Amino acid sequence: DWVAVQISKDGGAWTELGRYKGSGTDSSYQPASFDISAHIAANVRIRFISSPDLGGSDAVWFAQVQIAVSGCAP
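Our subject in this report is the structure included herewith. (Residues numbered from 1 in each chain as written. Predicted model: local features only at pLDDT ≥ 70, side-chain atom pairs only at ≥ 80, totals over all residues. Heavy atoms only, no water.)

### Brief notes about the packing of aromatic side chains
Applicable threshold: For Phe, Tyr and Trp, where Trp contributes only its six-membered ring, two rings pair if their centres lie within 6.5 Å, and the inter-plane angle classes them as stacked under 30 degrees, edge-to-face over 60, or tilted in between. Numbered from the N terminus, helices here are DSSP runs of H or I no shorter than four residues, and strands are runs of E no shorter than two. Here's how the labels work: a residue is buried when its accessible area is under 20% of the maximum for its type, exposed when over 50%, partly exposed in between, all with a 1.4 Å probe on protein chains only.
All told, the structure shown has two aromatic pairs when counted by the stated rule. Pairing Tyr20 with Phe62 gives two aromatic rings, centres 5.8 Å apart and planes at 75 degrees, and the pair type is edge-to-face. With a gap of 42 residues between them, Tyr20 in strand 2 (residues 15–21) and Phe62 in the segment after strand 3 (45–50) connect regions that are remote in the sequence. By relative accessible area, Phe62 is classed as partly exposed at 35%. Pairing Phe48 with Phe62 gives two aromatic rings, centres 4.6 Å apart and planes at 45 degrees, and the pair type is tilted. Here Phe48, found in strand 3, pairs with Phe62, found in the segment after strand 3; they are 14 residues apart in sequence, far enough to count as distant. On the basis of relative accessibility, which here comes to 40%, the residue Phe48 falls in the partly exposed class.

Quick look at the structure:
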């Protein structure tokens with residue numbers, strides 16, 4: 001079982017940023033960050049996609065998902 005974090009400039013071609021897999025129950029949140037500057041576009045999209053084997057009794061939580069922007073003029 002796995003869940004992948006993917007990004008696309010236009011919803012066409014997707015690039016995998018990270019993959020979270022295996023059975024486990026972490027006792028705390030596992031932080032992660034990705035530099036998405038190479039993927040910035042007017043229609044950028046991010047998705048979370050699971051393996052076909054992820055079952056109905058499986059659960060995955062993502063908390064405090066943020067996209068931080070810097071260097072842009074208002």
